[in-house]
Amino acid sequence: MISAGPLCVVVLGRCSAGAGRLSAALAHTRDLKDLDAVLDVLPGCFHTAASLDGRVRVQGTVSAVRQVFHTQIEGTTVAACRADVLARLSGAALDERLLAARLLVLPPPHPLDTRCPWRGVHLVPADSFLVLNTDGTARPVQWWRPPDPLLPLKLGVAGVRQALTEAVAARTAAGGVVSADLSGGMDSSSICFLAARGPARLITYRQGTRDPGNDDARFGALAAAALQEAEHTGDAPEQIPPMFALPPLLSAGDEPYRWIRSQARAAHTAHRMASRGSRLHLSGHGGDELFLAAPSHLHTLVRTRPWASVGALRARRALSRWPVSQTLRALADSADYATWLAGTARSLVNPSPVTSAPQLQWGAPPRMPPWASDQAVHAVRELLTEAAADDVAPLHALRAQHEALHHVRVCGRAARQANRLMSMAGVPLEVPFLDRRVVEAALAIRLEDRGTARRYKPPLAAAMHGVVPDLLLLRTTKGGYGDDVYRGLHDQRTTLLNLFESAELSRLGLIKPQALRAALLAPHATARTLIPLESTLACEGWLRNLPNTTP
């Protein structure tokens, strides 16, 4: 907490700026809006609360790793970092329409993803802060806008390197023992090699996989050999919980837990690292969302840099085997966001698009699982139609930039829940890639430099040159977990069948239990067809853990 005259500021979370630096930055602050300039120079991930002349400003992060919610209680606005706490305090009722939207195979599109599943409890947009006035009222104020992707790779790399270095340093500056995932992938390797430079003692951890096509073990061993200043540990596949294991570790929380199939593995990691004395655990989550450009970047590239798009289109078509006619139709589409959203309401029960078809829209078209009830489909269709009728704006005018930021926030919310789970098990989770300054630096790089099919994550590889061994930066494969998913479903099938025998979702009329049972018993040609199960399982687990009473 720092005071400067009538201004008082509290920073809650990970921030490497000391009290002296904060005091100097606050010296010329005369209004709550002036804090924008102060926050611009602070690395880390934290909530901020400020009080000035009786008014309060409170905010989370642009990546949604830290969020702020608010509701009215006896005529006064109350804000908190937990929606479930506010729901209990206010006695808020469940919003079954928004719960139905959480059944979507993929996370709900913007703005449905920002709506709380309780009536009367509201989420402050990630790009805004909440102002609490002296009369008990409140209003969100937008303070942040995503950058335009204008920087060439050579100019943008320095920003990525500095931002990520400072983000990791914000976690290691206090010394002690920290732990980190080291799968052998570029994201986790970058975090580990940066963490090893700090004053904290580093312990790396890797969970083994049964999938014969996953070569993470080889690259993980190469990374560990090059990272001699750290202690390395890990578990064989038979030592870790299977996928879809559902230990009763997590109370309901704000929303259904998106990463539920690996929930038990996350708790296992936290227990293992806590036993080694780790005070926090670092993860590479967010690297894919920032440095793997969605195919929709080609839609923008054709319009803004047509010559640069020619080679990119050829490479992507060859890699993904897109038919020429479908590619041309996708490129010609010029629907704005509201029009696209309205169109998705009409295709909720259509089959999911095939992987060989170009998807250059504002995002993956939302689909309901085949066991969703007519009531659930109708509810989600209403929500999408209403949002489109309100002429909702995208997160950015460019499709690829909108999609990247949406994915960042989906990952941020999941990481936020994982942090809560792992904190309860002994060690909090930290995701440096999702710090605001890292997000800004990554999204400022030109689309053609982020989305090339010829190299893997070129901005991150260039930024980490000289930090991470080139052998790891030149890796062209990505480990899969298909066999682990199949085995997990096989091991947990009876448990899952029993779970849905008397499902809360069925009681609410949102699923058809026989259709879900048939899906659990059916053979699956690929692990992709198991993805719809995850959101349904998350919703059912969340409902079962909701408290039955309010204080």
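Residues numbered from 1 in each chain as written. Predicted model: local features only at pLDDT ≥ 70, side-chain atom pairs only at ≥ 80, totals over all residues. Heavy atoms only, no water.

1. Quick notes on the overall build of the chain
Then step 1. Across its full length, the chain holds 23 helices and 14 strands.
Then step 2. Here the chain has a C-alpha radius of gyration of 23 Å; the compact-globule value for 551 residues is 24 Å, and the two agree.
Then step 3. Expressed along its principal axes, the backbone C-alpha trace of the chain runs to roughly 65 × 60 × 55 Å.
Then step 4. Taken across its 551 residues, the chain has 54% of its residues classed as buried.
Then step 5. Looking at the chain alone, contacts between residues at least 24 apart form 76% of all its contacts between residues at least 6 apart.
Then step 6. A gap of 4 Å separates the mean positions of the 60 positive and 48 negative side-chain charges of the chain. (Helix = DSSP H or I, 4+ residues; strand = E, 2+ residues; numbered from the N terminus. Rg over C-alpha atoms; globule rule 2.2 N^0.38 Å. Buried < 20%, exposed > 50% of the residue type's maximum accessible area, 1.4 Å probe, protein only. Contact = heavy atoms within 4.5 Å. Lys, Arg positive; Asp, Glu negative; His and termini not counted. Charge placed at Lys NZ, Arg CZ, Asp CG, Glu CD.)

2. Structural notes on the pairing of strand β12 (residues 231-235)
Every regular strand shows the same layout, with side chains that alternate between the two sheet faces.
Then step 1. The pairing of strand β11 (residues 201-207) with β12 spans 5 bridges and is classified as parallel. Paired with Tyr-205 across the two strands is Thr-233, which belongs to β12.
Then step 2. Once the chain exits β11 it traverses helix α7 (residues 216-226) before rejoining the sheet at β12, and the crossover so formed is right-handed. (Pairing = 2+ DSSP bridges. Right-handed = clockwise from strand over helix to strand, strands pointing away.)

3. Things to note about the sheet that holds strand β7 (residues 122-123)
Whether parallel or antiparallel, the strands of a sheet pair through hydrogen bonds between backbone atoms.
Then step 1. Overall, antiparallel pairing links the 3 strands, which are arranged β6-β5-β7 in an open sheet. Two strands lie at the open edges of the sheet, namely β6 (76-80) and β7, each paired on one side alone.

4. Remarks on the side chain of His-268
Then step 1. Locating His-268 in the fold gives a position in helix α8 (residues 263-275).
Then step 2. Among the polar contacts made by the side chain of His-268, one reaches the side chain of Asp-235 at a distance of 2.8 Å.
Then step 3. Once residues lying within four places of it in the same chain are set aside, the contact partners of His-268 are Tyr-205, Gln-207, Asp-235, Gln-239, Ile-240 and Pro-241. (Polar contact = N/O pair within 3.5 Å; in protein donor to acceptor, adjacent residues only side chain to side chain.)

5. As for the packing of aromatic side chains
Then step 1. If you walk through the whole model with that rule in mind, you get 4 aromatic pairs.
Then step 2. Considering the side-chain rings of Phe-291 and Phe-433, the 6.0 Å spacing of their centres and the 75° angle between planes classify their relative orientation as edge-to-face. Of this pair, Phe-291 sits in helix α9 (residues 287-291) while Phe-433 is found in the loop between β14 (429-430) and α16 (436-443), placing the two residues 142 residues apart along the sequence. The exposure classification of Phe-291 matches that of Phe-433, with both residues buried.
Then step 3. Measuring from ring centre to ring centre gives 5.6 Å for Tyr-337 and Trp-340, while their planes differ by 35°; the resulting arrangement is tilted. Linking Tyr-337 with Trp-340, this pair stays in helix α13 (residues 337-345), spanning 3 residues, or about one helical turn. Exposure class is identical for Tyr-337 and Trp-340. Each is buried. (Phe/Tyr/Trp six-rings, centres within 6.5 Å; stacked < 30°, edge-to-face > 60°.)

6. Some words on the nonpolar core
In globular proteins that are soluble, nonpolar side chains generally tend to be buried together.
Then step 1. With 141 residues, the main nonpolar core has Leu-99, Val-121, Leu-202, Leu-290, Met-368 and Met-464 as its most contacted residues.
Then step 2. Sort the elements by how many residues they give to this core and helix α15 (residues 399-425) lands first, with 9 residues.
Then step 3. When near neighbours in sequence (up to four residues on either side) are disregarded, Met-368 contacts Ala-100, Leu-103, Leu-104, Val-105, Leu-348, Ala-376, Val-377 and Val-380.
Then step 4. Counting residues in hydrophobic clusters, the runner-up holds 8 residues, among them Leu-298, Leu-301, Leu-313 and Leu-360. (Core = buried A, V, L, I, M, F, W, Y, C linked by side-chain atoms within 4.5 Å.)

7. Some words on the sheet that holds strand β13 (residues 281-282)
Then step 1. Spatially, β12-β11-β10-β13-β14 is the arrangement adopted by the 5 strands of the open sheet, whose pairing is parallel. Taken across any chain shown, the strands that pair with only one partner, and hence form the sheet edges, are β12 and β14.
Then step 2. Examined bridge by bridge, β13 and β14 share 2 bridges and lie parallel to one another. Across the sheet, His-281 pairs through a bridge with Leu-429, a residue of β14.

8. A closer look at the packing of α13 against helix α14 (residues 374-389)
The axes of two packed helices give the description: the angle between them and the distance between them.
Then step 1. For the pair α13 and α14, interaxial distance at closest approach is 8 Å and the crossing angle is 160°. One way to sum up the angle between α13 and α14 is to call them roughly antiparallel. For the crossing formed where α13 meets α14, the hand is left-handed. Seen from α13, the contacting residues are Ala-338, Leu-341, Ala-342, Thr-344 and Ala-345; seen from α14, they are Arg-381, Leu-384, Thr-385, Ala-387 and Ala-388.
Then step 2. Grouping the amino acids of the contact of α13 with α14 by side-chain chemistry returns 7 nonpolar, 2 polar and 1 charged. (Axes fitted to C-alpha atoms, helices over the stretch in contact; angles between N-to-C directions. Parallel < 35°, antiparallel > 145°, perpendicular 65-115°, else oblique. Left-handed = near helix turned anticlockwise from the far one by under 90°. Nonpolar A, V, L, I, M, F, W, Y, C, P; charged D, E, K, R; others polar.)

9. Considering the pattern of salt bridges
Then step 1. Following the criterion strictly, the structure yields 32 salt bridges and no others.
Then step 2. Across the pair Glu-382 and Arg-97 runs a salt bridge whose closest N-O atoms are separated by 3.2 Å. Taken together, the positions of Glu-382 in helix α14 and Arg-97 in helix α4 (residues 96-101) put the pair 285 residues apart, joining distant regions of the chain.
Then step 3. We classify Arg-97 as partly exposed; its relative accessible area is 24%.
Then step 4. Two residues, Arg-475 and Asp-215, come together in a salt bridge whose shortest N-O distance is 2.7 Å. Residue Arg-475 is located in the loop between α19 (470-473) and α20 (482-499), and its partner Asp-215 is located in the loop between β11 and α7; the two are separated by 260 residues in the primary sequence.
Then step 5. The class of Arg-475 is buried, set by a relative accessible area of 4%.
Then step 6. Overlapping salt bridges bring together Arg-14, Arg-171, Glu-430 and Asp-435 as one network. (Salt bridge = Lys/Arg side-chain N within 4 Å of Asp/Glu carboxyl O.)

10. Quick look at helix α23 (residues 531-544)
Then step 1. Counted at 1.5 Å a residue, the expected span for α23 with its 14 residues is 20 Å, and the 21 Å between its end C-alpha atoms agrees.
Then step 2. Taking burial as the measure, the 14 residues of α23 include 11 buried ones, the bulk of the element.
Then step 3. Along α23, the residues that are buried comprise Pro-532, Leu-533, Glu-534, Ser-535, Thr-536, Leu-537, Ala-538, Cys-539, Glu-540, Trp-542 and Leu-543.
Then step 4. Residues of α23 that are buried make contact with α4, α20, α21 (504-507) and α22 (513-521). (Expected span 1.5 Å × (residues − 1).)

11. Observations concerning the packing of helix α5 (residues 153-172) against helix α6 (residues 186-195)
Then step 1. It is at 9 Å that the axes of α5 and α6 come closest, and there the two elements cross at 60°. Comparing their axes, α6 and α5 come out oblique. Of the two elements, α5 crosses α6, and the hand of that crossing is right-handed. Contact residues: α5 offers Leu-164, Thr-165, Val-168 and Thr-172, while α6 offers Ser-190, Ile-191, Leu-194 and Ala-195.
Then step 2. Partitioning the contact of α5 with α6 into residue classes produces 5 nonpolar, 3 polar and no charged.

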